[in-house]
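Listed below, chain by chain, are the residues.
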Amino acid sequence: MDAIEPNVLALIWFILLFAISCVSFYLIVGMFPLRLRPKAAQGPGTLPLIGGNLAALLALTAGTIAYGIGELRWTSLVICGGLLLLFAPTLLQSLPARWRDGKPGLAALLLVQILCLSLLYGATDLI
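Residues numbered from 1 in each chain as written. Predicted model: local features only at pLDDT ≥ 70, side-chain atom pairs only at ≥ 80, totals over all residues. Heavy atoms only, no water.

### Observations concerning the environment of G43
Logical step 1: Looking at the secondary structure, you find G43 in the loop between α1 (8-29) and α2 (46-71).
Logical step 2: For the pair G43 and K103, spaced 60 residues apart in sequence, the C-alpha to C-alpha distance is 8.5 Å. (Helix = DSSP H or I, 4+ residues; strand = E, 2+ residues; numbered from the N terminus.)

Following this line, the structure appears as structure tokens:
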């Protein structure tokens, strides 16, 4: 495995964080344009959830890519990142519609992204 990627632990962390970023991207993109978002996501209080998710997504994606550039070979970064970006819609479609299109899913996604951000930025000695 050293010939492919010597830092396997960093590769696993990158895959986990970037998979969450990709699924988040596709879920949030489904909320735009705002007037055409799913009916379950049209109630009051949804706009702050979408905005918070978008901000967390930008920070998580930038941090994950910076982490990958600093810790991985570029070939591992491109191949794993590309495969994750390609198959993330399948991961998203495997979620129930209630989680994919409504407030509970947006709230859970925001919590997961905040957890990932705290792992990435706050506890970098763990990853």
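From this point, the discussion proceeds with the structure in view.
### As for the packing of α2 against helix α5 (residues 103-122)
Logical step 1: At their nearest, the axes of α2 and α5 sit 9 Å apart, and the two run at 30 degrees to each other. The orientation of α2 with respect to α5, classified from their angle, is roughly parallel. Crossing of α2 against α5: the hand is left-handed.
Logical step 2: Its residues placed into classes, the contact of α2 with α5 shows 16 nonpolar, six polar and one charged. (Axes fitted to C-alpha atoms, helices over the stretch in contact; angles between N-to-C directions. Parallel < 35°, antiparallel > 145°, perpendicular 65-115°, else oblique. Left-handed = near helix turned anticlockwise from the far one by under 90°. Nonpolar A, V, L, I, M, F, W, Y, C, P; charged D, E, K, R; others polar.)

### Regarding the nonpolar core
Logical step 1: In this structure, F14, L27, L60, L72 and L106 are the most contacted members of the largest nonpolar core, which totals 31 residues.
Logical step 2: Considering each element in turn, this core owes the most residues, twelve residues, to α1.
Logical step 3: Residues within four places of L106 in sequence aside, it is in contact with L27, M31, T46, L49, I50, N53 and W99. (Core = buried A, V, L, I, M, F, W, Y, C linked by side-chain atoms within 4.5 Å. Buried < 20%, exposed > 50% of the residue type's maximum accessible area, 1.4 Å probe, protein only. Contact = heavy atoms within 4.5 Å.)

### Section: the side chain of T64
Logical step 1: Mapped onto the fold, T64 is located in helix α2.
Logical step 2: In this structure, T64 is in contact with F14, L17, F18, S21 and L120, ignoring residues within four places of it in sequence.

### Digging into the packing of α1 against α2
Logical step 1: At a closest axis distance of 9 Å, the pairing of α1 and α2 adopts a crossing angle of 150 degrees. The orientation of α1 with respect to α2, classified from their angle, is roughly antiparallel. As for the relative orientation of α1 and α2, their crossing is left-handed in sense. Residue-level contacts link A10, W13, F14, L17, F18, I20, S21, S24, F25 and I28 of α1 to N53, L54, L57, L60, T61, T64, I65, Y67, G68 and E71 of α2.
Logical step 2: Taken together, the residues of the contact of α1 with α2 sort by class into 13 nonpolar, six polar and one charged.

### Some words on the state of the cysteines
Logical step 1: A complete count under the given rule lists zero disulfides for this structure.
Logical step 2: We note that C80 lacks a disulfide partner, and the nearest cysteine sulfur, in C22, lies 11 Å from it.
Logical step 3: Residue C80 is classed as buried on the basis of its relative accessible area of 17%. (Disulfide = S-S within 2.5 Å.)

### Section: a nonpolar patch on the surface
Logical step 1: Residues F32, L34, L47, L54 and L58 make up a contiguous nonpolar surface patch of about 440 Å² in total accessible area.
Logical step 2: Examined against the element boundaries, L34 turns out to sit in the loop between α1 and α2. (Patch = residues over 30% accessible without salt bridge, like charges linked within 9 Å, V, L, I, M, F, W, Y side chains within 5 Å. Areas by Shrake-Rupley, 256 points an atom, 1.4 Å probe, with all protein chains shown as cover. Salt bridge = Lys/Arg side-chain N within 4 Å of Asp/Glu carboxyl O.)

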